[in-house]
Amino acid sequence: MDIGVISVRYARALLKAATEGKSEESVYATMQTLAKAYLDVPQMRQVIENPMVSNDVKWQVMLTAAGNTESELVKNLLQMVLKTGREKMLQYIANSYITLYRQQNNIITGKITTSAPVSQDTVVKLRSLIEKQTNGKVDLETAVDPELIGGFILEYDTYRIDASVKKQLNSILKQLN
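A short tour of the structure in this document, coming up. (Residues numbered from 1 in each chain as written. Predicted model: local features only at pLDDT ≥ 70, side-chain atom pairs only at ≥ 80, totals over all residues. Heavy atoms only, no water.)

A look at the packing of aromatic side chains
Applying the stated criterion to the full structure yields three aromatic pairs. Between the aromatic rings of Y28 and Y101, the centroid separation amounts to 4.1 Å while the plane-to-plane angle is 20 degrees, which identifies the pairing as stacked. Here Y101 lies in helix α6 (residues 90–104) and Y28 lies in helix α2 (residues 24–40), a separation of 73 residues in the sequence. Accessibility assignment for this pair places Y28 and Y101 in one class, buried. (Phe/Tyr/Trp six-rings, centres within 6.5 Å; stacked < 30°, edge-to-face > 60°. Helix = DSSP H or I, 4+ residues; strand = E, 2+ residues; numbered from the N terminus. Buried < 20%, exposed > 50% of the residue type's maximum accessible area, 1.4 Å probe, protein only.)

Here it is in structure tokens:
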């Protein structure tokens, strides 16, 4: 069976149980922590997927990656994943849950990249503008890229607005050539 199909089934079941238990927000936060752990610590995958590593060690690694969650739902999911030998799907399950939760709650992800750090007030204002435009909640990530020289790049949903000085200079260079 396809990894994507299986992981989405696990994620749907988890979201349904979390919604019924009114804990979908905390499970969402835990799944974000777990997904981020996979990105930040690539060696974690090697430990979790290694058949020579005991399930007790895998359990501890998975629990730590999930931020030592107190959620019984998440603990049950991790135990089920271990019991069924589907450790390779854990990252996909976490990412599928995040996607399903965002769809259910009309959450749009976005990113603002600037040449220098911006104030939290600016981020809040920008988030509210996007929320008015999209009629949804916005999870806005910020990044700093000094190579932009000035201005910003805003990405959300399927939109990309590049108002950076770097882009404008490149555009002028193209016109001159």
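Details of the sheet that holds strand β2 (residues 137–144)
The sheet built from four strands is open, its strands ordered β2-β1-β3-β4 with mixed pairing. Unpaired on one side and paired on the other, β2 and β4 (159–162) mark the two borders of the sheet. Here the average twist between neighbouring strands, direction ignored, is 10 degrees. Bridge count for strand β1 (residues 107–114) against strand β3 (residues 152–156) is five bridges, and the pairing is antiparallel. Counted as the bridge partner of T113 is I153 from β3. Helix α7 (residues 120–134) rests against β1, β2 and β3 of the sheet, and its axis sits at about 140 degrees to β2. (Pairing = 2+ DSSP bridges. Axes fitted to C-alpha atoms, helices over the stretch in contact; angles between N-to-C directions. Contact = heavy atoms within 4.5 Å.)

Focus on the side chain of Q91
Structurally, Q91 can be placed in helix α6. With sequence-adjacent residues up to four places away left out, Q91 is seen in contact with Y38, L39 and R45.

A closer look at the pattern of salt bridges
Evaluated as defined, the whole model comprises eight salt bridges. For D121, the salt bridge is made with K125, and the minimal N-O distance between the two is 3.4 Å. Of this pair, D121 and K125 both sit in helix α7, four residues apart, roughly one helical turn. Among the ionic pairs, D162 bridges to R160, the shortest N-O distance being 3.6 Å. What makes R160 exposed here is its relative accessible area of 52%. Residues participating in the shared-partner salt-bridge network are E155, R160 and D162. (Salt bridge = Lys/Arg side-chain N within 4 Å of Asp/Glu carboxyl O.)

Things to note about the pairing of β3
Pairing analysis gives four bridges linking β3 to β4, with the strands arranged antiparallel. Bridging from a neighbouring strand, E155 pairs with R160 of β4. The loop that links β3 with its antiparallel partner β4 comprises two residues; one of these, D157, has a positive phi angle of about 50 degrees.

As for the nonpolar core
Counting 34 residues, the largest nonpolar core has M31, L78 and Y97 as the members making the most contacts within it. Elements represented by at least two residues in this core include exactly α1 (3–20), α2, α3 (43–49), α4 (55–65), α5 (72–83) and α6. Once you skip the residues sitting within four places of it in the chain, M31 turns out to touch L14, V74, L77, A94, Y97 and I98. Counting residues in each nonpolar core, the second largest holds eight residues, with I108, I112, I130 and L154 among its members. (Core = buried A, V, L, I, M, F, W, Y, C linked by side-chain atoms within 4.5 Å.)

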